[in-house]
4 protein chains.
Amino acid sequence: MSKPLISALAQFAAATAGRNMTKTAYVAVGVGVLSMVLLTDNRANEARGWVNGLLWVCLVYFVFEWLIRLRHMARQGRLSLYMSSSAGIVDAIGALAVPLALVLGVEPKTAWLLSVLWVLKVVPGIPGLRQLRRVLVLESGPLVSVLVIFLMVIFLASVAEYFLERDVQPQTFGSVPAALWWAVVTLTTTGYGDVVPVTPLGRLVAALVMISGLGVFGLWTGILATGFAAETRRDNFLKTWESVSKVPFFAALGPAAIADVTHMLRTMELPARTLVIRKGTQGDCMYFIAAGEVEVDLPGKKVQLGEGAFFGEMALLGNNKRGANVSTTKVSRLLVLDLVDFRVLMARHPDLAETIDAEAKRRALENT
Amino acid sequence: MSKPLISALAQFAAATAGRNMTKTAYVAVGVGVLSMVLLTDNRANEARGWVNGLLWVCLVYFVFEWLIRLRHMARQGRLSLYMSSSAGIVDAIGALAVPLALVLGVEPKTAWLLSVLWVLKVVPGIPGLRQLRRVLVLESGPLVSVLVIFLMVIFLASVAEYFLERDVQPQTFGSVPAALWWAVVTLTTTGYGDVVPVTPLGRLVAALVMISGLGVFGLWTGILATGFAAETRRDNFLKTWESVSKVPFFAALGPAAIADVTHMLRTMELPARTLVIRKGTQGDCMYFIAAGEVEVDLPGKKVQLGEGAFFGEMALLGNNKRGANVSTTKVSRLLVLDLVDFRVLMARHPDLAETIDAEAKRRALENT
Amino acid sequence: MSKPLISALAQFAAATAGRNMTKTAYVAVGVGVLSMVLLTDNRANEARGWVNGLLWVCLVYFVFEWLIRLRHMARQGRLSLYMSSSAGIVDAIGALAVPLALVLGVEPKTAWLLSVLWVLKVVPGIPGLRQLRRVLVLESGPLVSVLVIFLMVIFLASVAEYFLERDVQPQTFGSVPAALWWAVVTLTTTGYGDVVPVTPLGRLVAALVMISGLGVFGLWTGILATGFAAETRRDNFLKTWESVSKVPFFAALGPAAIADVTHMLRTMELPARTLVIRKGTQGDCMYFIAAGEVEVDLPGKKVQLGEGAFFGEMALLGNNKRGANVSTTKVSRLLVLDLVDFRVLMARHPDLAETIDAEAKRRALENT
Amino acid sequence: MSKPLISALAQFAAATAGRNMTKTAYVAVGVGVLSMVLLTDNRANEARGWVNGLLWVCLVYFVFEWLIRLRHMARQGRLSLYMSSSAGIVDAIGALAVPLALVLGVEPKTAWLLSVLWVLKVVPGIPGLRQLRRVLVLESGPLVSVLVIFLMVIFLASVAEYFLERDVQPQTFGSVPAALWWAVVTLTTTGYGDVVPVTPLGRLVAALVMISGLGVFGLWTGILATGFAAETRRDNFLKTWESVSKVPFFAALGPAAIADVTHMLRTMELPARTLVIRKGTQGDCMYFIAAGEVEVDLPGKKVQLGEGAFFGEMALLGNNKRGANVSTTKVSRLLVLDLVDFRVLMARHPDLAETIDAEAKRRALENT
């Protein structure tokens, strides 16, 4: 192969070797799945050739990606770990499912359906998925019990309906499995209407099932809402804690105060050259720089603020119109202090209040 | 044009120039959209002429409104800002969409359908919309991840169903797009019933999809509920804070106490001549006047209470039957202190308790 | 009329004069509405005579009840107040609707349908309705904005569907009103299936509508859940406060502590001769008697405990098997202190702990 | 019978005598219910013999189990208590329902349907069911009122629809009962589509019903969510309290601090030989051993830690990579302290912080 091509490949390999999804991968998943969908649609018959081509390209890409990762891991001696990890398994499936099917002589149109498994590659990239999983794990107890209740209602109801409806409409309620299908469709309040009780008693039972449907729904949601509220607080605390203790401004405080402050701050990750504050807008929070740098665009001059500095405090000290544009110059992590919490914080830690006040005054003088 | 007409227009112009919706605008939106709806209904054929007339009137109004605002903004030199603002864009669409369509030779009946876009004008007027937006933004992380899970379930399920059902009912499950339609209808528990699996396996998959539907629902709601709870607290605090610090009664307190009090109060905006307390009813809260004035209708005399005064405290000091009618004399902002919080407040700040007690006694004496 | 009958009527009158529903009234509502339902069912034709009779009886009862209340209120000079109150209006409707209809020559079968309005009489008797109303009022802001969003989605979606589907299925999507019907059915995820988009684009729009349906649902629930949580706390506090301050055991505490304690207690209203504690069961709470009396069924003797006394404390002091049956001797109001809160309470107010401990010891000695 | 068989039975009897479900019982329930389902399905006709056999086996098992328990309870003199307990009733039903039906000459295929009642045996085994019940009881007030509102809407709506639709579609809206069926199907947003209004007014009413459906849903969920949040906190506290006070490490603290700590800990029951910490993973919590024993797998040696000891603290003291595998050696109860709460705890109780720090240092030295 020609040099440039090789180097390009090397570069590409380096990029894809890391565990996270690359942009290319996302594109490949999207294109691949859509092509698969089109392939099954007769209206797209004339484009079949193209679609097939695209599918093959995606497949090759995924196989290639997989091999590179295997090599990468092997070098680091983490091969077995990788292959037993969920990411590794997903990669393997993505690379092998379709070819295997084709090799085993499955009819192509069917074999390509397996390319839908490529969507699994997106999972690790989902934001806050860990959070969701934790909620489901911690609340599993009650969730399971709701599920069991759900199943019991379904069984009891379907047998009742079968008994009540079998003679009137043998084709739809002719067996308990059929009645089970009706029960699920009803208890989830989906209600296709393909199987519907007609006898008065049958309808009474159905009504009860629907109402329990609401109940199941309610419990389910109530449990998840509860778990989620707790999890959100926890998650934010963990994200924020590290940064807070790094900001000299807070480092002075004792651990109790820091824990206190941490509950009030929200972390915000920003790419470079992002506008944080737009001049003239209403402001209701101030920012502390945990990492990175921002640039305040004052009339005449531009001021850089680095780690540990804060800005936007004017908005919380009476004058709530933003006085200048502020934007990040590099990837930055900011800690946002909301007006509400600012009040409380100032009340509990007057010393912080003074520091901020003093700094604010100094700047005000400077900029006049 | 005749003088009066011009002055009327001028007045009208002044009214509509402001960014907020005028009553006329709301009427116009209502009438316009309803007419559009009627226009498409054959039962309203004989009234076609009238309907068309109404539509034209509304259109003219919106064009006029738009022009006035453009002029208004131009004068203030905020033209570009306005035109790039959401409100400006909505106004422009409302004024130009239909005419453009007609000019481009779209069949009238179709062109007028665009007048449905007029409803967008209502958006800025929606109460608490800002609040909703904030919730969606802050919780976007988990919400997106639920959405992604939602999409993955849909894709995997629809391919599975397509594979299981395509031979049995090729007309409904003949392609993955068709199966996708089924999956959305099912996972949202809408269940039209136009596409329904019939094979045992297909129904099993469907059942799983429906149950995940409940799960998605639950997560979604849980997330929103969590975000909303936090947002409500914050919103109320912001609304109340300013007013509280203005009330001399509280001004005495330190910032800590004020933050504390603010969490207990609820702001209430009232128009003039509104009855706040009806004599003889059960009372479970007292009021502080942050702005405006109220009139206490005592036997024999009427007493005015201005900014900073409080009333209704008797209800919280044992005697919980309201002793007199109290109504606003001008637009007023009241701070409501609930019985529950009153207890806590009194406990934490005995000095406040004394002030209120003393005042109450004084009034009791006076009115006997 | 004969004496006994008159006195009976007088008694009955006295009973029904009070504003609250009497048992008779509940029965009348139930019987009346059911009869009305039966009246419309051809399967009940042969029983028509009986059903009609029942309806007339109920009607007479409600008219009678109304007249008595009018007289009662007139005597107390609260006639106008009553007639303008919701209860008064409902009574009037219940008494006059059907007769009026019959007089106005409405066909009987239709006129009797109005007797469904009798169900409104149940409203004042619903437990915790006031609570629900408060939530709806306090959260009205966000709820309305969700409703507005709901309506906007419906309008935009239905016009879009009308445009996309009108040519393909003119009979169902032939006009925007028809499309509106589809939109409501879809956005509420009801999905009758009588009107279903078939074009690819139409289905895409529909999918978006369904997903927004989930969103609307989620927001709605989130808002209500938030409001409800706050309301529940408040409600319980109000119910409990009065009782707590009446219990000498707590009266000793300062207001701060009382507010504190109130947050931990739960009020429980019990009829006479109710078993509060069953011997041998697991116990995880203790009780304070705010009003009424209980009887502890000790081996050999029965001990009465009156207002201000407490019992069941053993369960919280290590030995968590209930040692004796305890039941109310008269209508009583008990304050329940949960194990969890007991721990916290004891921690914060050691003096209370000692009192309880001492008393517990004393009893233990006594009963051995 | 032969000796081994008898002893086996005796053993089995001893196992099943206890109140809780045995594994065998779960299997029997599963097999029994599935067989019953199959029995009604004509596709399983050829296997009828087998299915019938299985059903008989299960039935015999349940009868046997019931008899054993009766004998067991009789011996302990708790016979009447057992027979009046829910578990006892369920056992009796499971054992007697089918035989009774068969004896009474019910057609076998129908009689066997009663075997669905066997699922009730699972109820006592459901995790967190007690919790759910408590929520439903405590929130019963509002839940009932929502239910009443639900019923009122249904009655009013169905009469309205009956009035509006009876002439247009007499076969579906021909009577109020039919309309009631429609109302339930609609208000629960199930929407079968078998009964659908077609008149404009009828559809308007239907739209309102659907929207109230969302409202009912929302209230319901809101109530349950609220109750559930409270219940979860309470439940966790109760589970944890006992263990905490047993850990010498905390015993030193006063009751206030213990209550405080208890709110931060989460109990975790683990079987023997379970991996608690995997080396190399991210750690965000530490563990206290309330009961049982764990083994720390250090390079070279294995260290046992018994009751009262703690581990995993390194993760909370800066170095958040787990340094060694830790697994239980016997059934153990661990108290989990989350990073978040650790921070707060350390802040409030510096003495604890020192103890942990010292121990951590000691171990660090030891293991180097």
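For clarity, every value in this text was computed on a predicted model and none was experimentally measured. For every chain, the first residue of its written sequence is number 1, and the numbers climb from 1 along that sequence. Ligands are numbered from 1 and chains lettered from A, in the order in which they are written. Residue-level local features of this predicted model are given only where pLDDT is at least 70; pairs of side-chain atoms are given and counted only at 80 or more, and the full residue set underlies all totals for whole chains, interfaces and linings. Remark: hydrogens and water are excluded; side-chain values derive from all non-hydrogen atoms of the structure.

So, the packing of helix 7 (residues 129-138) of chain C against helix 11 (residues 200-246) of chain C
All names here are of chain C.
- Remark: helix 7 packs on helix 11, axes separated minimally by 9 Å, with the N-to-C direction vectors making an angle of 130°. Of the possible angle classes, the one that applies to helix 7 and helix 11 is oblique. The handedness of the crossing between helix 7 and helix 11 comes out as right-handed. Contact residues: Arg130, Gln131, Leu132, Arg134, Val135, Leu136 and Leu138 in helix 7; Leu224, Gly227, Phe228, Glu231, Thr232, Arg234 and Asp235 in helix 11.
- Tallied by class, the residues present in the contact of helix 7 with helix 11 amount to 6 nonpolar, 3 polar and 5 charged. Here, axes are lines fitted to C-alpha atoms. For helices the fit covers the stretch in contact, and angles between N-to-C directions go from 0 to 180 degrees. Secondary structure is summarised from DSSP: a helix means a run of H or I of at least four residues, a strand means a run of E of at least two, and numbering begins at the N terminus for each. Any angle that falls under 35 degrees is termed roughly parallel, while one over 145 is termed roughly antiparallel, one within 65 to 115 roughly perpendicular, and all others oblique. Helix crossings are classified by the rotation of the near helix relative to the far one: an anticlockwise turn of less than a right angle makes the crossing left-handed, while a clockwise turn makes it right-handed. Every residue pair with non-hydrogen atoms within 4.5 Å of one another is taken to be in contact. As a working rule, the residues Ala, Val, Leu, Ile, Met, Phe, Trp, Tyr, Cys and Pro are called nonpolar, Asp, Glu, Lys and Arg charged, and the rest polar, with Gly in that last group.

Here we look at a positive patch on the surface
- A patch is a set of surface residues, each over 30% in relative accessible area and not in a salt bridge, joined within 9 Å for like charges and within 5 Å for the nonpolar side chains Val, Leu, Ile, Met, Phe, Trp and Tyr. Using a 1.4 Å probe, the Shrake-Rupley method yields the accessible areas, and only the shown protein chains count as cover for residues. In what follows, salt bridge is the name for a side-chain nitrogen of Lys or Arg lying within 4 Å of a carboxyl oxygen of Asp or Glu. The charged-residue count follows a simple rule in which Lys and Arg add positive charge and Asp and Glu add negative charge, with His and chain termini not counted at all. Think of each charge as sitting on NZ of Lys, CZ of Arg, CG of Asp or CD of Glu. A grouping of Arg233 of chain A, Arg233 of chain B, Arg233 of chain C together with Arg233 of chain D is seen on the molecular surface, where their side chains present a positively charged patch.
- Checked against the element boundaries, arginine 233 of chain C lands in helix 11.
- For every residue, the accessible area (1.4 Å probe, protein chains only) is compared with the maximum for its type, and the residue is labelled buried under 20%, exposed over 50%, or partly exposed between those bounds. Judged by its relative accessible area of 56%, arginine 233 of chain C is exposed.

Comments concerning the relation of the copies chain B and chain D
- Superposition of the copies used a least-squares fit over C-alpha atoms from residues whose pLDDT is at least 70 in both. Rotating chain B by 180° and translating it 0.1 Å along the rotation axis places it on chain D, where the RMSD comes to 0.0 Å. Interpreted geometrically, this transformation is the action of a two-fold axis.

Regarding a nonpolar patch on the surface
- Where nonpolar side chains cluster on the molecular surface, the patch consists of Leu96, Leu100, Val103, Leu104 and Val106 of chain A and spans about 480 Å² of accessible area.
- For valine 106 of chain A, the position within the fold is in the loop between helix 5 (86-103) and helix 6 (108-111).

Some remarks on the interface of chain C and chain B
- Taken residue by residue, the interface counts 56 residues in chain C and 48 residues in chain B.
- Regarding the contact of chain C and chain B, the summed buried area is about 4,300 Å², with carbon and sulfur atoms giving 76% of it.
- Between chain C and chain B we count 2 salt bridges in total.
- Notably, a salt bridge pairs arginine 134 of chain C with aspartate 338 of chain B, separated by 4.0 Å at the nearest N-O pair.
- Residues adjacent in sequence count toward polar contacts only when both atoms are side-chain atoms; beyond that, a polar contact is any pair of N or O atoms within 3.5 Å, and within protein one must be able to donate a hydrogen and the other to accept it. Put simply, chain C and chain B have 4 residue pairs in polar contact (both at pLDDT 80 or more) between them.
- Put simply, the parts of the chain that give the side of chain C that touches chain B at least two residues each are helix 7, helix 8 (140-165), helix 10 (176-187), helix 11 and helix 13 (255-262) of chain C.
- Partitioning the side of chain C that touches chain B into residue classes produces 34 nonpolar, 15 polar and 7 charged. Here the quantity called buried area is the accessible surface, traced with a 1.4 Å probe, that two parts lose on coming together, added over both.

Some thoughts on the packing of aromatic side chains
- We call Phe, Tyr and Trp rings a pair once their centres come within 6.5 Å, taking the six-membered ring for Trp, and we label the pair stacked below 30 degrees between planes, edge-to-face above 60, and tilted otherwise. Enumeration over the complete set of coordinates arrives at 32 aromatic pairs over all chains.
- For the ring pair tyrosine 287 of chain B and phenylalanine 311 of chain B, a centre distance of 5.1 Å and an interplane angle of 15° mean the geometry is stacked. One end of the pair, tyrosine 287 of chain B, is in strand 3 (residues 285-291); the other, phenylalanine 311 of chain B, is in strand 6 (residues 310-311), with 24 residues separating them in the sequence.
- On the accessibility criterion, phenylalanine 311 of chain B (2% relative accessible area) is buried.
- Seen from their ring centres, tryptophan 56 of chain D and tryptophan 112 of chain D are 5.1 Å apart, and the 85° between their planes marks the pair as edge-to-face. In this pair, tryptophan 56 of chain D is assigned in helix 3 (residues 48-75) and tryptophan 112 of chain D in the loop between helix 6 (108-111) and helix 7 (129-138), connecting sequence segments 56 residues apart.
- Overall, tryptophan 56 of chain D belongs to the partly exposed group, its relative accessible area being 43%.
- Assessed through its relative accessible area of 3%, tryptophan 112 of chain D is described here as buried.

Things to note about helix 11 of chain C
- Compared with an ideal rise of 1.5 Å per residue, which puts 47 residues at 69 Å, helix 11 of chain C spans 70 Å between its outermost C-alpha atoms and is within 8% of the ideal.
- Bend, at a single residue, is the angle you get between axes fitted to the 7 residues ending at that residue and the 7 residues starting at it. Maximal helix bending in helix 11 of chain C amounts to about 35°, located at threonine 240 of chain C. A helix is expected to span 1.5 Å multiplied by its residue count minus one.

Notes on the interface of chain B and chain D
- Taken together, the 4 residues of chain B in the interface contact 4 residues of chain D.
- Carbon and sulfur atoms supply 38% of the area that chain B and chain D bury against each other, a total of about 260 Å² over both sides.
- Summed over the shared surface of chain B and chain D, the number is 0 salt bridges.
- Taken together, the connections running from chain B to chain D amount to 0 residue pairs in polar contact (both at pLDDT 80 or more).
- Each residue belonging to the side of chain B that touches chain D can be placed in one class, and the counts come to 1 nonpolar, 2 polar and 1 charged.

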